[in-house]
Amino acid sequence: QVQLVESGGGLVQAGGSLRLSCAPSVRTFSGYAMGWFRQAPGKDREFVAAIRRRDPYTYYADSVKGRFTISRDNAKNTVYLEMNSLKPEDTAVYYCAASEHYRSDYYYSTKYDYWGQGTQVTVSS
């Protein structure tokens with residue numbers, strides 16, 4: 001059973017920064033594409049960012065492009081989401097997800113096999 005543990009959420013003022021981390025309990029971390037999604041109260045879960053298995057190719061939602069950066073350290077079995085210039089509309093529960101069996105379409109939650117429990121990010125105005 002693959003488990004994903006997120007950390008790094010919290011309360012921050014608008015314009016501030018946070019870094020989220022996620023460490024899946026897998027033997028071969030480099031075999032998984034990784035993604036971040038978020039869900040605000042009363043809204044559907046939405047894609048934020050994703051990163052492929054071994055090359056540094058990344059994907060971003062338009063709403064976070066230029067402000068958020070996803071990265072991974074395969075030696076540490078960890079994926080990061082660096083969030084800068086945070087806005088109140090970034091307030092949500094952020095979920096880490098791992099894709100073992102898919103090679104594309106990382107914008108869609110259905111392409112991920114495993115999910116974390118989520119970490120709350122609150123941006124005050």
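Refer to the structure above for everything that follows.
We now turn to the structure provided with this report.

Conventions and cut-offs
Residues numbered from 1 in each chain as written. Predicted model: local features only at pLDDT ≥ 70, side-chain atom pairs only at ≥ 80, totals over all residues. Heavy atoms only, no water. Disulfide = S-S within 2.5 Å. Helix = DSSP H or I, 4+ residues; strand = E, 2+ residues; numbered from the N terminus. Pairing = 2+ DSSP bridges. Axes fitted to C-alpha atoms, helices over the stretch in contact; angles between N-to-C directions. Buried < 20%, exposed > 50% of the residue type's maximum accessible area, 1.4 Å probe, protein only. Contact = heavy atoms within 4.5 Å. Core = buried A, V, L, I, M, F, W, Y, C linked by side-chain atoms within 4.5 Å. Salt bridge = Lys/Arg side-chain N within 4 Å of Asp/Glu carboxyl O.

Quick look at the state of the cysteines now. Enumeration over the complete set of coordinates arrives at one disulfide. Covalently, cysteine 22 is tied to cysteine 96 through a disulfide, its sulfur atoms 2.0 Å apart. The chirality of the disulfide connecting cysteine 22 with cysteine 96 is left-handed, given an S-S dihedral of about -80°. In this pair, cysteine 22 is assigned in strand S3 (residues 18–24) and cysteine 96 in strand S9 (residues 92–99), connecting sequence segments 74 residues apart.

Below, the discussion takes up the sheet that holds strand S1 (residues 4–7). With antiparallel pairing, four strands are arranged side by side in an open sheet as S1-S3-S8-S7. In this open sheet, the two edge strands, each paired with only one partner strand, are S1 and strand S7 (68–73). Put simply, the sheet's adjacent strands are angled 15° from each other on average, direction ignored. Pairing geometry for S7 and strand S8 (residues 78–83), over six bridges, is antiparallel. Looking at the pairing, serine 71 lines up with tyrosine 80 of S8.

Counting buried residues in strand S5 (residues 46–51) gives five out of six residues, a clear majority hidden from the surface. Sheet topology note: the strand S4 (residues 33–39)/S5 ladder contains five bridges and is antiparallel. Looking across to S5, one finds that glycine 35 is bridged to alanine 50. As paired strands, S5 and strand S6 (residues 58–60) are joined by three bridges and run antiparallel to one another.

Assignment of secondary structure puts serine 21 in strand S3. Beyond its immediate chain neighbours, meaning those up to four positions away, serine 21 contacts Val5, Glu6, Ser7, Trp36, Thr78, Val79 and Tyr80.

Another point: the nonpolar core. Ranked by size, the top nonpolar core spans 38 residues in total, and within it Met34, Trp36, Val79, Leu81, Met83 and Tyr94 carry the most contacts. Of all the secondary structure elements, the ones that give two or more residues to this core are S3, S4, S5, S6, S7, S8, S9 and strand S11 (119–124).

With that out of the way, let us pick up unusual backbone geometry. Residue asparagine 77 is not a glycine yet carries a positive backbone phi of 55°. On the basis of relative accessible area, asparagine 77 is assigned to the partly exposed category, the value being 22%. With a phi angle near 50°, serine 85 is a residue other than glycine that sits in the positive phi range. Assignment of secondary structure puts serine 85 in the loop between S8 and S9.

Okay, the pattern of salt bridges next. Scanning all chains against the criterion turns up four salt bridges. The salt bridge partner of arginine 38 is aspartate 90, with a shortest N-O separation of 2.9 Å. Here aspartate 90 lies in the loop between S8 and S9 and arginine 38 lies in strand S4, a separation of 52 residues in the sequence. By the burial criterion, arginine 38 is buried, and aspartate 90 matches it. Across the salt bridge formed by arginine 67 and aspartate 90, the nearest N and O atoms sit 2.8 Å from each other.

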